[in-house]
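Read off the chains here:
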Amino acid sequence: FNGVDVFKTEAKLLVRFISDYGNYDESDWELGYTYKFPSLGIGLWRPSIFEYEMIYNSEFKEMEEENQRDEMKYLYIEAICVYEKDYYL
């Protein structure tokens, strides 16, 4: 998206970047998993919510290393939906 790799940029940073071009639906009941940008006609999805700051949580630190790596995958968007502009309005 405008030069940014949407699959290799942390979701939080990606959403902030795309928000410069259009607002996402902050009332979406799946917010965190899903970010819909109605005016842009795109949606972002990830199967679970994980933010970088969570690596400092005791629960995360107690996980097996393999499980930690799996959780960290959720820092990133897994799928993008492209739809007709204003479809969800």
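Source: prediction; values computed, not measured.

**A look at the sheet that holds strand β1 (residues 34-37)**
Read across the sheet, three strands follow the order β1-β2-β3 without closing on themselves; strand pairing throughout is antiparallel. Either end of the sheet is taken by a strand with one partner, and the two such strands are β1 and β3 (79-82). Each strand axis lies, on average, 15° off the axis of its neighbour in the sheet, ignoring direction. Alignment of strand β2 (residues 42-45) against β3, held across four bridges, turns out to be antiparallel. When the sheet's bridge partners are listed, Ile-42 is paired in β3 with Val-82. Of the strands in this sheet, β1 and β2 touch helix α1 (residues 11-18), which is tilted by about 170° from β2.

**Quick look at the packing of aromatic side chains**
Tallying each qualifying case throughout the model produces seven aromatic pairs. A centroid spacing of 5.2 Å and a plane angle of 80° characterise the contact between Phe-1 and Tyr-21, whose relative ring orientation is edge-to-face. Residue Phe-1 is located in the segment before α1, and its partner Tyr-21 is located in the loop between α1 and β1; the two are separated by 20 residues in the primary sequence. According to the relative accessible area criterion, Phe-1 is partly exposed, its value standing at 30%. The interplanar angle of 85° and the centroid separation of 6.5 Å between the aromatic rings of Tyr-52 and Tyr-56 together place this pair among those described as edge-to-face. Owing to a relative accessible area of 37%, Tyr-52 belongs among the partly exposed residues under this scheme.

**Focus on the side chain of Thr-9**
Summarising the element assignment, Thr-9 is placed in the segment before α1. Judged by relative accessible area, which is 19%, Thr-9 ranks as buried.

Criteria and cut-off values
Residues numbered from 1 in each chain as written. Predicted model: local features only at pLDDT ≥ 70, side-chain atom pairs only at ≥ 80, totals over all residues. Heavy atoms only, no water. Pairing = 2+ DSSP bridges. Helix = DSSP H or I, 4+ residues; strand = E, 2+ residues; numbered from the N terminus. Axes fitted to C-alpha atoms, helices over the stretch in contact; angles between N-to-C directions. Contact = heavy atoms within 4.5 Å. Phe/Tyr/Trp six-rings, centres within 6.5 Å; stacked < 30°, edge-to-face > 60°. Buried < 20%, exposed > 50% of the residue type's maximum accessible area, 1.4 Å probe, protein only.

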